[in-house]
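Residue-level listing of the chains:
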Amino acid sequence: MIPAEFGATPWGRCWTRTVETTATAVPNPLLPKARSIARNHGATLTTEVGVVTAKVVVSGAESTVRIELPPWPEETKHDAERLIAKSLAANPGLATGDLPDSLEAEFTAAGITFAVPLAEQVATCDCRTRKRPCVHILAGLYALSMRVDERPRLAVELRMDSAAAAEDADPDWIPLTDLDPATFYG
Ligand SMILES: [Zn+2]
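Residues numbered from 1 in each chain as written. Predicted model: local features only at pLDDT ≥ 70, side-chain atom pairs only at ≥ 80, totals over all residues. Heavy atoms only, no water.

### Thoughts on the packing of helix H1 (residues 10-20) against helix H5 (residues 135-150)
So, step 1. The geometry of H1 relative to H5 is characterised by a closest axis approach of 7 Å and an angle of 165° between their N-to-C directions. In terms of axis orientation, H1 runs roughly antiparallel to H5. Between H1 and H5 lies a crossing whose hand is left-handed. Seen from H1, the contacting residues are Trp11, Gly12, Arg13, Trp15, Thr16, Val19 and Glu20; seen from H5, they are Leu138, Leu141, Tyr142, Leu144, Ser145, Val148 and Asp149.
So, step 2. For the contact of H1 with H5, the residue count by class is eight nonpolar, three polar and three charged. (Axes fitted to C-alpha atoms, helices over the stretch in contact; angles between N-to-C directions. Helix = DSSP H or I, 4+ residues; strand = E, 2+ residues; numbered from the N terminus. Parallel < 35°, antiparallel > 145°, perpendicular 65-115°, else oblique. Left-handed = near helix turned anticlockwise from the far one by under 90°. Contact = heavy atoms within 4.5 Å. Nonpolar A, V, L, I, M, F, W, Y, C, P; charged D, E, K, R; others polar.)

Printed below as a string of structure tokens:
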């Protein structure tokens with residue numbers, strides 16, 4: 001069962017699924033602990049186009065996680081920009097950082113995936129555990145899922161240069177560079 005606190009939006013849910021979908025029938029025993037870390041703000045995220053880093057603190061020990069998210073190819077980027085502009089025009093008055101739930105379905109229909117499946121992720125952690133993904137990486141992914149639930153636009157921004165998206169001249173589109181991260185992510 002996915003606790004309701006993760007994946008409250010289809011955007012965050014896609015990221016939660018990357019963690020919870022495994023090839024084996026046995027649930028990963030690290031998941032409850034990873035959820036607990038994320039829930040208790042034990043994973044501090046820094047996000048930019050193509051990479052998420054997380055400082056994950058477990059029992060006072062900090063680990064640094066880095067998850068690489070390949071930027072979308074040009075064609076995908078153009079398709080995404082077009083769908084976003086259309087969707088925002090059809091759904092005026094959204095809060096800053098929000099995206100319509102229906103857009104996620106349109107992305108899926110167009111074959112655009114914004115969450116990277118665990119098996120395809122290039123994720124590193126500086127902890128000594130040999131098992132990968134370790135609990136720190138999993139906690140970072142849960143924290144990312146929460147962050148994306150709070151701010152769906154992040155799901156898209158991680159995969160493409162937002163400044164390019166601003167060229168759509170959509171008044172609702174605020175490029176990431178126009179926001180002060182200190183106050184925005186506070
Ligand atoms: Zn680790």
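Following the structure, the description resumes.
### Digging into the layout of surface pockets
So, step 1. Quantified by volume, the second largest pocket comes out at close to 240 Å³.
So, step 2. Along the wall of the second largest pocket there are 13 residues; nearest its centre are Cys14, Thr18, Thr113, Ala115 and Pro117.
So, step 3. Where the lining of the second largest pocket is concerned, the elements lending two or more residues are H1 and helix H4 (101-109).
So, step 4. For the lining of the second largest pocket, the element with the highest residue contribution is H1, accounting for three residues.
So, step 5. Each residue belonging to the lining of the second largest pocket can be placed in one class, and the counts come to seven nonpolar, four polar and two charged. (1 Å grid on protein atoms, 1.4 Å probe; cavity = no way out; pocket = protein on both sides within 12 Å on 5 of 7 lines; lining within 4 Å. Points joined across faces, edges and corners; volume = space filled by probe spheres on them.)

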